[in-house]
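What follows is each chain in one-letter form.
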Amino acid sequence: MLVFVDTSCLMSLFRLSNANSIDLEKLITGVRLGKYSFINTQQVQDEFDRFRDQAIAGALSEFSDQTIKTQFPPFVRSYPQVKDISRRIKALKGELVELQKTVVLEARDKLLSIDENVENLFSSGLTLRTKRKYLNRAWHRFQSGNPPGKRSDNLGDGINWELLLSNCKDDLAIISSDGDFFSDLHKNEVKSYLKAEWHRVNPDHELTLFRSISQFLSVHIPEVSVGDEYSADFLVG
C-alpha cells in the first residue's frame, strides 16, 4: 500500500491543533518497517516550503495571544500567597517570551523537530515530479470544474491527483484534512467522481481517505494508540 500526505496535514503540525509530531514519527517508522510505502509529490514539497513560515508565524501569534490572568479580587489580595503567586506568574511570562525567541531563531535555521521529521518523511519514499503533461491535465480539470480542489483555488490538488492517478499502481491511502477529496454526501468517503476515475485507471487497487495521520495509524497500526510514547517496539510487536 502507498501512503500520500497532503500539505494540509503537514501544516497542521505547526498549528495549535490535535496533530502532533509523534504521529509523524510513527508514520515514518511504519514506512521503515515495511508496513506501507510513502509516496510524495514535488507539489507538496513546494507547498510545504512556501507555507511553512506563514504557518509558524500564525501558531506563534496564537501562542503569544494566550494570557495568564494576574488580577485578584480585592478580598483575595490580603492573603499572603498572592504576592508569591504574582511573582511566579511574572517570571513565567518572562520565560514564555524567551521561549518564543528561541523558537523563532530555530525556525529560521530549520532546526525545529517538525522540520527534521518532515524531511525524514520526504526522504523515506518516492517523490513524483511535476511535468508539463500533469500541469496541462490539472489545468483542464480545473477549467472543467472537476475535483479535487475548490473553484477559487489554485491547481495544487489537481496536480497531486493527476500525479497519483497516473503513477500509483498499488492501493493508495490519501491523508488530507482540507476536505477537497471527501464526498459531500458521505463525509468520510472519497468523492464519487474521484472514486470512479481511480477505478477506471486502477481497477485492481483500492483508494481510501483519512482526515489525519492519527486516524490512518489507528486503522493500519492499531497497536499504537495516539498519545503513546513513541517507540519502534510498539510497531514491531
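Going along each chain's sequence as written, the residues are numbered from 1 onward. At least 70 in pLDDT is required for a residue's local features to be given in this predicted model, at least 80 for side-chain atom pairs to be given and counted, and no such filter applies to totals for whole chains, interfaces and linings, which use all residues. The basis for the side-chain values is all heavy atoms of the structure; hydrogens and waters are excluded.

Draft legend 1. Here's a closer look at the packing of helix α2 (residues 21-32) against helix α5 (residues 113-123). To obtain each axis, a line is fitted to C-alpha atoms, and for helices this fit is confined to the stretch in contact; angles are then taken between N-to-C directions over 0 to 180 degrees. For helices the rule is a DSSP run of H or I covering at least 4 residues; for strands it is a run of E covering at least 2, with both sets numbered from the N terminus onward. It is the contact of α2 with α5, at a shortest axis distance of 10 Å, that shows an interaxial angle of 25 degrees. The pairing of α2 with α5 is recorded here as roughly parallel in orientation. The interaxial crossing formed by α2 with α5 has left-handed handedness. Of α5, the residues touching α2 (which contributes Ser 21, Leu 24, Glu 25, Leu 27, Ile 28 and Arg 32) are Ser 113, Ile 114, Asn 117, Val 118, Asn 120 and Leu 121. Residues of the contact of α2 with α5, tallied by class, amount to 6 nonpolar, 4 polar and 2 charged. Orientation is classified from the angle alone, with under 35 degrees giving roughly parallel, over 145 giving roughly antiparallel, 65 to 115 giving roughly perpendicular, and any other angle giving oblique. If you view the pair so one helix is near and one far, a crossing is left-handed when the near helix is turned anticlockwise from the far one by less than a right angle, and right-handed when it is turned clockwise. Note on definitions: a residue-residue contact is assigned when non-hydrogen atoms from the two residues lie within 4.5 Å. Put simply, Ala, Val, Leu, Ile, Met, Phe, Trp, Tyr, Cys and Pro go in the nonpolar bin, Asp, Glu, Lys and Arg in the charged bin, and everything else, Gly too, in the polar bin.

Draft legend 2. How the structure looks around unusual backbone geometry. At the junction of Pro 147 and Pro 148, the peptide bond is cis and its omega measures out at 5 degrees in the coordinates. Mapped onto the fold, Pro 148 is located in the loop between α6 (132-144) and α7 (156-167). One non-glycine residue, Lys 110, adopts positive backbone phi at about 55 degrees. For Lys 110, the position within the fold is in the loop between α4 (81-108) and α5.

Draft legend 3. Quick look at the pairing of strand β2 (residues 37-41). Across the 5 residues of β2, 4 count as buried, placing the element largely inside the fold. Relative to β2, strand β1 (residues 2-5) runs parallel, the two being bridged by 2 bridges. Bridging across to β2, Leu 2 finds its partner in Ser 37. Across 3 bridges, β2 lies against strand β3 (residues 126-128) in parallel orientation. Bridge pairing links Ile 39 to Leu 126 in β3. Think of it in three bands: residues with accessible area under 20% of the maximum for their type are buried, residues over 50% are exposed, and the middle band is partly exposed, with areas taken using a 1.4 Å probe on protein chains only. In this description, strands pair whenever DSSP reports at least two bridges between them.

Draft legend 4. Region of interest: the packing of aromatic side chains. We call Phe, Tyr and Trp rings a pair once their centres come within 6.5 Å, taking the six-membered ring for Trp, and we label the pair stacked below 30 degrees between planes, edge-to-face above 60, and tilted otherwise. On inspection of all chains with the given rule, the structure shows 7 aromatic pairs. Relative to Phe 216, the ring of Tyr 36 has its centre 5.2 Å away and its plane inclined at 75 degrees; by these criteria the two rings are edge-to-face. Taken together, the residues Tyr 36 in the loop between α2 and β2 and Phe 216 in helix α9 (residues 213-220) connect sequence positions 180 residues apart. For Phe 216, a relative accessible area of 0% corresponds to the buried category.

Draft legend 5. Structural detail: the environment of Gln 54. If you trace the backbone, Gln 54 turns up in helix α3 (residues 42-65). Gln 54 gets classed as exposed once you look at its relative accessible area, which sits at 58%. For the pair Gln 54 and Glu 106, spaced 52 residues apart in the sequence, the C-alpha separation amounts to 15 Å.

Draft legend 6. Seen up close, α9. Those residues of α9 not exposed but buried are Ile 213, Phe 216 and Leu 217. Down the axis, α9 shows its buried residues gathered within 100 degrees of arc, on one side only. On its buried face, α9 sits against β1, α2, β4 (172-175) and β5 (207-210). Of all possible arcs, the one meant is that of the directions from the helix axis to the C-beta atoms.

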